[in-house]
Amino acid sequence: MSANKIPGISYTWLESGKKKESYALGIANNNNQPIDQETVFSAASLSKPIFAYIVFQLVEEGLFDLDTPLSTYFEYQDLIEESNYKLVTARMILSHTSGLPNWRKGELKFQYNPGERFRYSGEGFVWLQKVTEHLKEKSLEELAQEYVFHPLGMKRSSFVYLEEFDDNHSLSFKKNGKQIAKSKIKNPNAAASLQTTSYDYALFLEALLSGKRMNPYFQQLMFTPQVPVDPTDGKEQQIFWGLGVGIQVTSEGKQIFQWGDNYTFRGYFTANVEMGNAVIYFTNSENGLSPVRELVKLAIPDPQPVYDWLGYK
């Protein structure tokens, strides 16, 4: 942390699918408030696997189908004029093959044909969120509390900022050490707005790895490679996307992963789905992904080819 100028970290690791140890180190703000196990961080894109977990439970209920075009269930006005609009399915959204950009600049437009290739897209998750909210007539926050946070005992987690976080939440810091004010999110975003702790997120990973509240078929489907993330140039493909999680196939087994980057909040998780070993950490620094190799290796010595693909220095 000192070498990388990271003020605070929330770090938990799992062994054989169960929480082993949890650490809370450093400070949450310039007032030197100490980080502890209940300090809330912004989880950024680590929101996406939790939303996928909700989606599979809704599919199991028969609310919608993974391969039926989303336009069947909900008219998304932001895309309704686009010619490819009626081709996109939930499977494409979860595997990042919808053809949509990560985030729009101006009007939302397709960058590729749906199903053509991998293109990481937060916009796709927002669209699928709107479908689920429409069909259930509940907000994402209400769905998350009902299907994830309450049943799993995640008491310090939310897709919006809650008043009870006021006494113990982390601010964040730029590379130069400048403190950034907390964005108190009011509208839930399936791709990016999760507020949580590493301890709470480890509870989710325990459930995900054991298949709790999931049909075994859907758990297996979630962990099955759907699309390679990049051309391999003749090399063996190691990095794919499943349904809601990244997948790296290594000599030590299949691992799922997701990184988070909301600029000055950065974090990462990876989990070996065959052995149940996992690491989840959040930082309050723009530098938070620089030491990802060292931080994961503390608990999981397995190969991590995804690091080179992510490209964080």
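Residues numbered from 1 in each chain as written. Predicted model: local features only at pLDDT ≥ 70, side-chain atom pairs only at ≥ 80, totals over all residues. Heavy atoms only, no water.

A.B. asks: What is the right way to read the packing of helix α3 (residues 122-136) against helix α4 (residues 140-152) from this model?
C.D. replies: What describes two packed helices is the angle between their axes and the distance between those same axes. Axis separation between α3 and α4 bottoms out at 9 Å; the angle between their running directions is 80°. Classed by the angle they form, the pair α3 and α4 counts as roughly perpendicular. Facing Q129, T132, E133 and K136 of α3, the residues of α4 in contact are L140, L143 and Y147. By residue class, the composition of the contact of α3 with α4 is three nonpolar, two polar and two charged. (Axes fitted to C-alpha atoms, helices over the stretch in contact; angles between N-to-C directions. Helix = DSSP H or I, 4+ residues; strand = E, 2+ residues; numbered from the N terminus. Parallel < 35°, antiparallel > 145°, perpendicular 65-115°, else oblique. Contact = heavy atoms within 4.5 Å. Nonpolar A, V, L, I, M, F, W, Y, C, P; charged D, E, K, R; others polar.)

A.B. asks: Sorry if this is basic, but what is going on with helix α5 (residues 198-210) here?
C.D. replies: Relative to the 18 Å expected for 13 residues at 1.5 Å per residue, α5 spans 18 Å between its end C-alpha atoms, a close match to the ideal helical length. For α5, the tally of buried residues reaches eleven of 13 residues, placing the bulk of the element in the interior. Within two residues after α5, G211 carries a phi angle of roughly 80°, on the positive side. (Expected span 1.5 Å × (residues − 1). Buried < 20%, exposed > 50% of the residue type's maximum accessible area, 1.4 Å probe, protein only.)

A.B. asks: Sorry, what's going on with the side chain of N168 here?
C.D. replies: Mapping N168 onto the fold places it in the loop between α4 and β4 (172-173). Not counting the four nearest positions on each side in its chain, N168 is found in contact with Q33, D36, E38, T39, V40 and R156.

A.B. asks: What exactly am I supposed to notice about the nonpolar core here?
C.D. replies: Generally speaking, a soluble globular protein has its nonpolar side chains buried in company with each other. Ranked by internal contacts, the top residues of the largest apolar core, which has 73 residues, are W127, L128, V148, Y201 and F204. Broken down by element, the residue count for this core peaks at nine residues, all from helix α1 (residues 47-60). When near neighbours in sequence (up to four residues on either side) are disregarded, L128 contacts F51, V55, F64, L70, A90, I93 and L94. Judged by nonpolar contacts, the second largest core, of 23 residues, contains I9, I239, V296 and A299. (Core = buried A, V, L, I, M, F, W, Y, C linked by side-chain atoms within 4.5 Å.)

A.B. asks: Before we go on, may I ask you to explain the packing of aromatic side chains in this structure?
C.D. replies: Here a ring pair, both rings aromatic, is described through the centre-centre distance and the interplanar angle of the planes. Per the stated rule, a full pass over the model turns up 26 aromatic pairs. Measuring from ring centre to ring centre gives 5.5 Å for Y76 and W127, while their planes differ by 25°; the resulting arrangement is stacked. Of the two residues, Y76 sits in the loop between α1 and α2 (90-94) while W127 sits in helix α3, which places them 51 residues apart along the sequence. Here W127 falls in the buried class, since its relative accessible area comes to 0%. (Phe/Tyr/Trp six-rings, centres within 6.5 Å; stacked < 30°, edge-to-face > 60°.)

A.B. asks: In this structure, what is going on with the sheet that holds strand β10 (residues 253-261)? I would like to understand it.
C.D. replies: Two orientations exist for strands paired in a sheet by backbone hydrogen bonds: parallel and antiparallel. Spatial ordering of the open sheet is given by β2-β1-β12-β11-β10-β9-β8-β7, a layout of eight strands whose pairing is antiparallel. The sheet is open, and its two borders are formed by β2 (18-26) and β7 (227-228), each paired with just one other strand. The strands touched by α5 within the sheet are β1 (8-15), β2, β10, β11 (266-272) and β12 (278-283), with β1 carrying the most contacts at an inclination of about 25°. (Pairing = 2+ DSSP bridges.)

A.B. asks: What should I look at first to understand the pattern of salt bridges in this one?
C.D. replies: Side-chain pairs of opposite charge can arise whenever the charged atoms involved come near each other. For the coordinates displayed, the defined rule picks out twelve salt bridges. Here E82 and K109 are joined by a salt bridge, their closest N and O atoms 3.4 Å apart. With E82 in the loop between α1 and α2 and K109 in the loop between α2 and α3, this residue pair connects regions lying 27 residues apart in the sequence. Taking the shortest distance from any N to any O, the salt bridge between D261 and R266 comes out at 3.0 Å. Each of D78, R104 and E123 takes part in salt bridges that share partners, so that together they form one network. (Salt bridge = Lys/Arg side-chain N within 4 Å of Asp/Glu carboxyl O.)

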